[in-house]
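# Examination of the molecular architecture
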Amino acid sequence: MKITQETKDLLIDKMNIIQTSGKADICLVGPVNLPVEQGDFSTVFQWYTWLQLDGSDNDKDTVLDSLSEANLAFGQQSSVLVYGDFEKSEDALVRMHSICHTGDIFGSKRCDCGYQLHQSMKMIAEHGCGAIFYLADHEGRGIGLFSKSLAYLLQQEGYDTVEANEALGFEDDTRSYEGAIRVLRELRKDPVTLITNNPKKLDALMKHGLAAKDHIPLWGGLTEDNSFYLDTKVKKSGHIPEKNPTLIV
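The notes below deal with the structure included here.

### Things to note about the overall build of the protein chain
The helix and strand tally for the protein chain stands at 10 helices and 8 strands. Relative to its 249 residues, the protein chain shows a buried fraction of 43%. When contacts within the protein chain are restricted to residue pairs at least 6 apart in sequence, those whose partners lie at least 24 apart make up 66%. Surface summary for the protein chain: the accessible area is close to 13900 Å², and the carbon and sulfur share equals 51%.

This is the structure we're talking about:
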């Protein structure tokens, strides 16, 4: 079924083609008003999502015309929650959050991902300005959900996170932040403060073009189930240890 011109007229102004020399075009869509409620926390974010496009002659009409045949449900798209005047505010917080099916959706305590996602949303709302980039294709540090399940089985046999990924033939971390940084540049020109416990991650992102002036930590959610996982982050991934960790029982 072909999209009508009336439908296109309603959508085109909310679409933006991001073009960068030597890179595939990105179509950014939004903002969408997204009311969010988690326990006693509720607010409204502005939600954007984006799609990397094929070819070089991309326009909004072409994207819409090809939508029904693009099979987007069989892939993953990234998105970003924006709060406050993200474009013009003097100080904005940003969380680059890798998708975690088990932690974010199921509430798994084998990691601290769900805690970090939800807590960063609260931090940004309390701060008054910021954005949470929810990054597809980052599952298991880039190995995918199926491979992550195999890595979890190895971890049950005593492997740590890094050892499990490497035992399956992967590098420890294969995540790419290129698309997210390009979208960030489109939404905001001034530097941001990154929410992360890993200064090495901040340095790596800055080398790939992230404009950041500082970072702030986000610790919490320590349980008996994820203590080994969090300890590996400190010992092998360069995370700054939490000063006074509190075990959740």
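And the narrative resumes.
### Let's talk about the packing of aromatic side chains
The tally for this structure, following the rule as stated, stands at 2 aromatic pairs. A centroid spacing of 5.7 Å and a plane angle of 65 degrees characterise the contact between Phe-45 and Tyr-83, whose relative ring orientation is edge-to-face. With Phe-45 in strand β3 (residues 41-52) and Tyr-83 in strand β4 (residues 78-83), this residue pair connects regions lying 38 residues apart in the sequence. For Phe-45, a relative accessible area of 0% translates into the label buried. Stacked on the ring of Phe-86, the Lys or Arg Arg-188 has its end atom at 5.8 Å from the ring centre.

### Let's talk about the sheet that holds β3
Read across the open sheet, the 8 strands follow the order β1-β2-β3-β4-β6-β5-β7-β8; overall the sheet is mixed. Bordering the open sheet on either side are β1 (15-18) and β8 (212-216), each of which pairs with just one other strand. Taken pair by pair, the neighbouring strands of this sheet meet at an average axis angle of 30 degrees, ignoring direction. Direction of pairing for β4 relative to strand β6 (residues 130-135): antiparallel, over a ladder of 5 bridges.

### Structural notes on the pattern of salt bridges
Taken as a whole, this structure holds 8 salt bridges when the rule is applied. A salt bridge links Arg-175 to Asp-173, with the nearest nitrogen and oxygen atoms 2.6 Å apart. With a closest N to O distance of 3.8 Å, Glu-178 and Arg-182 form a salt bridge. Taken together, the residues span about one helical turn, with Glu-178 and Arg-182 both in helix α8 (residues 178-187) at a distance of 4 residues. For Arg-182, a relative accessible area of 6% translates into the label buried. Within the structure, one salt-bridge network assembled from shared partners comprises Lys-8, Asp-61 and Asp-65.

### What to know about the nonpolar core
By size, the foremost hydrophobic cluster in this structure holds 27 residues, and its most contacted members are Trp-50, Phe-86, Val-94, Met-96, Phe-133 and Leu-210. At the level of secondary structure, the elements contributing two or more residues to this core comprise β2 (26-38), β3, β4, β5 (93-98), β6, α8, β7 (192-195) and α9 (199-207). Ignoring anything within four residues of it in the chain, the contact list for Phe-86 reads Ala-92, Leu-93, Val-94, Cys-129, Gly-130, Ala-131, Leu-184, Leu-187 and Arg-188. Residues Phe-41, Phe-45, Ile-124 and Ala-125 belong to the second largest nonpolar core, which totals 13 residues.

### Let's talk about the side chain of Arg-182
In this structure the side chain of Arg-182 is engaged in a polar contact, spanning 3.4 Å, whose partner is the backbone oxygen of Ile-18. In contact with Arg-182, other than residues within four places in its own chain, are Ile-18, Gln-19, Thr-20, Lys-23, Ala-24, Asp-25 and Ile-26.

### So, a nonpolar patch on the surface
Together, Phe-146, Leu-150, Leu-153 and Leu-168 make up a nonpolar patch on the protein surface, roughly 380 Å² of accessible area in all. Looking at where Leu-168 falls in the secondary structure, it is placed in the loop between α7 (161-167) and α8.

Definitions and cut-offs
- Residues numbered from 1 in each chain as written.
- Predicted model: local features only at pLDDT ≥ 70, side-chain atom pairs only at ≥ 80, totals over all residues.
- Heavy atoms only, no water.
- Helix = DSSP H or I, 4+ residues; strand = E, 2+ residues; numbered from the N terminus.
- Buried < 20%, exposed > 50% of the residue type's maximum accessible area, 1.4 Å probe, protein only.
- Contact = heavy atoms within 4.5 Å.
- Areas by Shrake-Rupley, 256 points an atom, 1.4 Å probe, with all protein chains shown as cover.
- Phe/Tyr/Trp six-rings, centres within 6.5 Å; stacked < 30°, edge-to-face > 60°.
- Lys NZ or Arg CZ within 6 Å of the ring centre and 35° of its normal.
- Pairing = 2+ DSSP bridges.
- Axes fitted to C-alpha atoms, helices over the stretch in contact; angles between N-to-C directions.
- Salt bridge = Lys/Arg side-chain N within 4 Å of Asp/Glu carboxyl O.
- Core = buried A, V, L, I, M, F, W, Y, C linked by side-chain atoms within 4.5 Å.
- Polar contact = N/O pair within 3.5 Å; in protein donor to acceptor, adjacent residues only side chain to side chain.
- Patch = residues over 30% accessible without salt bridge, like charges linked within 9 Å, V, L, I, M, F, W, Y side chains within 5 Å.

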